[in-house]
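Examination of the molecular architecture
Okay, here's what each chain looks like letter by letter:
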Amino acid sequence: MNDPVALPDIDPIDRLAILAAALPGAAVRQRRIAAPFDAVWQVIADLEHAIPRYEPGVAQVRVIEQRGELLRLLVQDTAGREDAMDARLRPGWCLMQSATVVIAFAARRLGSETLLAHLEHRRVQTPVPGRSGSHYRRAALAKIDQELHTIERLATHYGR
């Protein structure tokens, strides 16, 4: 019999950890958000409106194509440069990637709260003379921490 066997879906937080392990230098943080999963995920899934509110380098996001959970995005940074990104978006999992960057979110319900994980990875690392990689890693982690804080603030007010 050739019936495919349904495999259990991997927990989104575990999936993000696997992705991080496959991307050397990826910056990852997790935060327990004091808001229900649905409110947190509403912020993450509102790509066009929410991303520019929590991501300081993004001025605008436009969904230019959607086929189910697969999307094509046009992202404009604050300097006016545009980059096309492919995305996969479903409850608890958002993966966006271009030729230069990989960004992912994963979420899991924790009772009335949410565990949210965020990954950022630059595909091309451009070292600056005299600067240590650890300095850039600390800066990337601090940026993610700030983004998670902003997402929490947005989630507690979203839909009101």
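A short tour of the structure in this document, coming up. (Residues numbered from 1 in each chain as written. Predicted model: local features only at pLDDT ≥ 70, side-chain atom pairs only at ≥ 80, totals over all residues. Heavy atoms only, no water.)

**Section: the environment of Pro24**
Definition in use: Only DSSP runs of H or I reaching four residues or more are called helices, and only runs of E reaching two or more are called strands; each is numbered from the N terminus. To sort residues, take the accessible area from a 1.4 Å probe on protein chains only and compare it with the maximum for the residue type: under 20% means buried, over 50% means exposed, and anything in between is partly exposed.
By the secondary structure assignment, Pro24 is in the loop between helix H1 (12-22) and strand S1 (27-33). A residue is classified by how much of its surface remains accessible, and Pro24, at 66% relative accessible area, is exposed.

**Examining the nonpolar core**
Defined as follows: Nonpolar cores were defined as sets of buried Ala, Val, Leu, Ile, Met, Phe, Trp, Tyr and Cys residues, with membership established by side-chain atoms within 4.5 Å.
Ranked by size, the top nonpolar core spans 34 residues in total, and within it Leu47, Leu73, Met96, Phe105 and Leu116 carry the most contacts. The next biggest cluster of nonpolar side chains, apart from the first, holds 13 residues, and it includes Leu19, Leu23, Val102 and Leu115.

**Details of H1**
Basically, it comes down to this: The reported arc concerns the directions from the helix axis to the C-beta atoms and nothing else. For this analysis, residues touch if any pair of their heavy atoms sits within 4.5 Å. Pairs of N or O atoms are called polar contacts if they sit within 3.5 Å, as long as, within protein, a hydrogen donor faces a hydrogen acceptor (for residues adjacent in sequence, only side-chain-to-side-chain pairs).
Those residues of H1 that fall on the buried side of the exposure criterion are Pro12, Ile13, Arg15, Leu16 and Leu19. The arc that holds every buried residue of H1, seen down its axis, measures 155°, which confines them to one face. Among the exposed residues of H1, those oriented more than 90 degrees off its buried face are Ile18 and Ala21. Summarising the contacts, the buried residues of H1 are in contact with S1, strand S4 (82-90), strand S5 (93-97), strand S6 (101-110) and strand S7 (113-122). For H1, the capping residue at the N-terminal end is Asp11, with a side-chain oxygen 2.9 Å from the backbone nitrogen of Ile13.

**Considering the sheet that holds strand S2 (residues 58-67)**
The strands making up a sheet associate through hydrogen bonds between their backbones, and the pairing can be parallel or antiparallel. Our working rule: Strands were regarded as paired on the criterion that DSSP finds at least two bridges between them. All axes here are fitted lines through C-alpha atoms, helices being fitted over the stretch that makes contact, and every angle between N-to-C directions spans 0 to 180 degrees.
One open sheet accounts for seven strands, arranged S1-S7-S6-S5-S4-S3-S2; its pairing is antiparallel. The open sheet terminates on both sides in strands that have one partner only, identified here as S1 and S2. Across the sheet, the axes of successive neighbouring strands diverge by a mean angle of 20°, strand direction being ignored. Where S4 meets S5, five bridges bridge the pair, whose relative direction is antiparallel.

**What about the side chain of Thr114?**
Its place among the elements puts Thr114 in strand S7. Exposure remark for Thr114: the relative accessible area of 0% places this residue in the buried category. From its side chain, Thr114 meets the backbone oxygen of Ala35 in a polar contact 2.8 Å long. The contacts of Thr114, once residues within four sequence positions are left out, are Arg31, Arg32, Ile33, Ala35, Pro36, Phe37, Val40, Ala107 and Arg108.

Purely geometric stuff here, so don't read any function into it on its own.
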